[in-house]
Structure formats: structure tokens, C-alpha cells
Amino acid sequence: METVVFIVRHCEAMGNKSGTFQGSIDSDITDIGARQLDFLAERFADIKLDKVYSSPLLRAYKTAEAVGRAQGLPIVKYDPLTEIDGGDIEGMTYADIYTTYPEIEETWTYAPHNFAPPKGESMRDAYERISKAVFTLAKENKGKTIAIASHGAVIRCLLCAVTEGDIERLNNVTWCDNTSVTKLVFDDDMNCSVEFINDTTHLPDEYLPSGSRIASYIQREEK
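Values in this document were obtained by computation on a predicted structure and should not be read as measured data.

Next up on the list: the confidence of the model for the protein chain. Counting all residues, the mean pLDDT for the protein chain is 92, and 94% of those residues have values of 70 or more. With pLDDT under 50 throughout, residues 212–223 is counted as low confidence; its partners more than four residues away or in other chains account for 22 contacts.

Here it is as C-alpha cells:
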């Protein structure tokens, strides 16, 4: 008996638009983000879901509401689904982060598994947290289909856990875009397989994400 888990990254939020590290900051969504959610809601309208879970942060919660919109499902907030805490770098622009903490650029680009912002959460801890959270929810919903709304860094950690099995291989794993959908399937023994990753086919071209992670932001600025 299969257990299906849809992992959805939140829509475009203010921090994505302004090029700042959002982390645990509870930023709201943008107008583009709201339109992305309309298309996301259409995608899930015909997918029978048993439960919808969300990070407690607003950008993820509004995304979860869109996922459950057609079926009128209540949203269950689950704290372990929240984004990595950036500590001292939260609210800073990515360019300023690299200027103030030049060591972060090299770590984020070449060894993201060692990312550990001052007074924040390490990537290794986030990896353990999100993996435990999603497998726990899958076990609690055996034989059902659920959706989870979460965040870019922790979704990447989760995908690293299920496809690579080692946090030190994090750079082998793609980033997921705003409102992208990833489908995980668990068997009776909770072995996990990935059906697809980072699917944004529900979005028209004009609403496709332009990139929100630190590295892509810096690359755009340098062009």
C-alpha cells in the first residue's frame, strides 16, 4: 500500500523579490506569488488529498491553503517543516552577506553541507530535522496521500536525504523553485522513491520563478 507525499515549495515571497535571506522571517507573499498560487490550486483541484501540512511561516501557509483550496481541507501547521534559521544573516541582501561574511559565499557555493550562519541553524541540523519530519508524517499517514508546503533550503536537504543519503552530497541536488511540486512515494516499509522533482508545469511562462537562491541572485547581479 503506497503512501504519497507531495512536497510543495512556497510561492514567491517578499524576500525572494527583494533578494534577501528570509530564513525564519515571516515574510508575506508577492502579487506574483498570489497568481502562482491560483495556478497551483488548479493543479491540485483533481488530486484527492487526505491532509495538507505546512510550515508555520506565512508564505508556506498561504501556499498550503492554495493546495487544499478546491477540497476545503484544513491546514495543519507543523513546526519542523519551517525554513532553516539564518541567524545573523536573516534580512540581509545576499550581496551584503557575502561582503560581511565572505566565508559564507565559498561555503554556500562549494560546501553547502557545512553552512552554519552565525547564531543560526546549521545545514546539517536542518537536514536531520526535515528528514525526520517528513518520514514521521508519512508514517502517520500510511496508505494516504498528503501534501506538505515548505521551503527551499530544507526541501533541498530532504531530497538529498532520499536521493543521496548523505548531507555531504548536497551539491548534487537541485534547488526547487517557487510553487514547484515534488512527488515522493513510500512503500509499506517506508522506503522512499522519487516520482518527480521540481515540477512547475502548472505555471505559465510569465510566472515561472527567475531564481531565488543566494548563488543565482549573485550571478544575476554580476551579469
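Having put the structure on the table, let's press on.
Quick look at the packing of helix α6 (residues 123–140) against helix α7 (residues 152–163) now. Here α6 crosses α7 at 75°, and the two axes come no closer than 8 Å. In terms of axis orientation, α6 runs roughly perpendicular to α7. Counted together, Met123, Ala126, Tyr127, Arg129, Ile130, Ser131, Val134 and Phe135 of α6 and Val154, Cys157, Leu158, Cys160, Ala161 and Val162 of α7 form the full contact between these two elements.

Assignment of secondary structure puts Glu140 in helix α6. With a relative accessible area of 53%, Glu140 lands in the exposed category. Distance from Glu140 to Thr3, taken between C-alpha atoms, is 10.0 Å for residues 137 residues apart in sequence.

This part is about the pairing of strand β5 (residues 181–186). Burial analysis of β5 places six of its six residues in the buried class, which makes it a mostly covered element. The alternating pattern of β5 places Val181, Lys183 and Val185 on one face and Thr182, Leu184 and Phe186 on the opposite face, and all of these are buried. With six bridges connecting them, strand β1 (residues 3–9) and β5 associate as antiparallel partners. Each residue of the ladder has a partner; that of Phe6, found in β5, is Lys183.

We now examine the pattern of salt bridges. Tallied over the full model, the rule gives eight salt bridges. In this structure, Arg35 engages Asp38 in a salt bridge whose closest nitrogen and oxygen atoms are separated by 2.8 Å. Residue Arg35 and its partner Asp38 are both found in helix α2 (residues 31–44); the two are separated by three residues, about one turn of the helix. Take Asp38: its relative accessible area is 29%, and that puts it in the partly exposed class.

Turning next to the packing of α2 against helix α3 (residues 58–67). One way to put it is that α2 packs onto α3 with a least axis distance of 7 Å and a crossing angle of 40°. With respect to α3, the element α2 is oriented oblique. The residues of α3 that touch α2, namely those facing Leu37, Leu40, Ala41 and Phe44, are Lys62, Thr63, Ala66 and Val67. Grouping the amino acids of the contact of α2 with α3 by side-chain chemistry returns six nonpolar, one polar and one charged.

This next bit is on α7. Its 12 residues give α7 an end-to-end C-alpha distance of 16 Å, which sits within 8% of 16 Å, the value for a rise of 1.5 Å per residue. In terms of burial, α7 is largely enclosed, as 10 of its 12 residues are buried. Among the residues of α7, those classed as buried are Gly152, Ala153, Val154, Ile155, Arg156, Cys157, Leu158, Leu159, Cys160 and Val162. Its buried side turned inward, α7 meets β1, α6, β4 (145–150), β5 and β6 (192–199).

With that settled, consider α2. Its 14 residues give α2 an end-to-end C-alpha distance of 20 Å, which sits within 8% of 20 Å, the value for a rise of 1.5 Å per residue. For α2, the N-terminal capping position is held by Thr30, with its side-chain oxygen 3.4 Å away from the main-chain nitrogen of Ile32.

Once that is clear, we can look at the sheet that holds β4. Here we have six strands laid out as an open sheet, ordered β3-β2-β4-β1-β5-β6, and mixed in their pairing. Bordering the open sheet on either side are β3 (75–77) and β6, each of which pairs with just one other strand. The average undirected angle you get between the axes of adjacent strands in this sheet is 20°.

About the criteria used
Residues numbered from 1 in each chain as written. Predicted model: local features only at pLDDT ≥ 70, side-chain atom pairs only at ≥ 80, totals over all residues. Heavy atoms only, no water. pLDDT = per-residue confidence, 0-100. Contact = heavy atoms within 4.5 Å. Axes fitted to C-alpha atoms, helices over the stretch in contact; angles between N-to-C directions. Helix = DSSP H or I, 4+ residues; strand = E, 2+ residues; numbered from the N terminus. Parallel < 35°, antiparallel > 145°, perpendicular 65-115°, else oblique. Buried < 20%, exposed > 50% of the residue type's maximum accessible area, 1.4 Å probe, protein only. Pairing = 2+ DSSP bridges. Salt bridge = Lys/Arg side-chain N within 4 Å of Asp/Glu carboxyl O. Nonpolar A, V, L, I, M, F, W, Y, C, P; charged D, E, K, R; others polar. Expected span 1.5 Å × (residues − 1). Polar contact = N/O pair within 3.5 Å; in protein donor to acceptor, adjacent residues only side chain to side chain.

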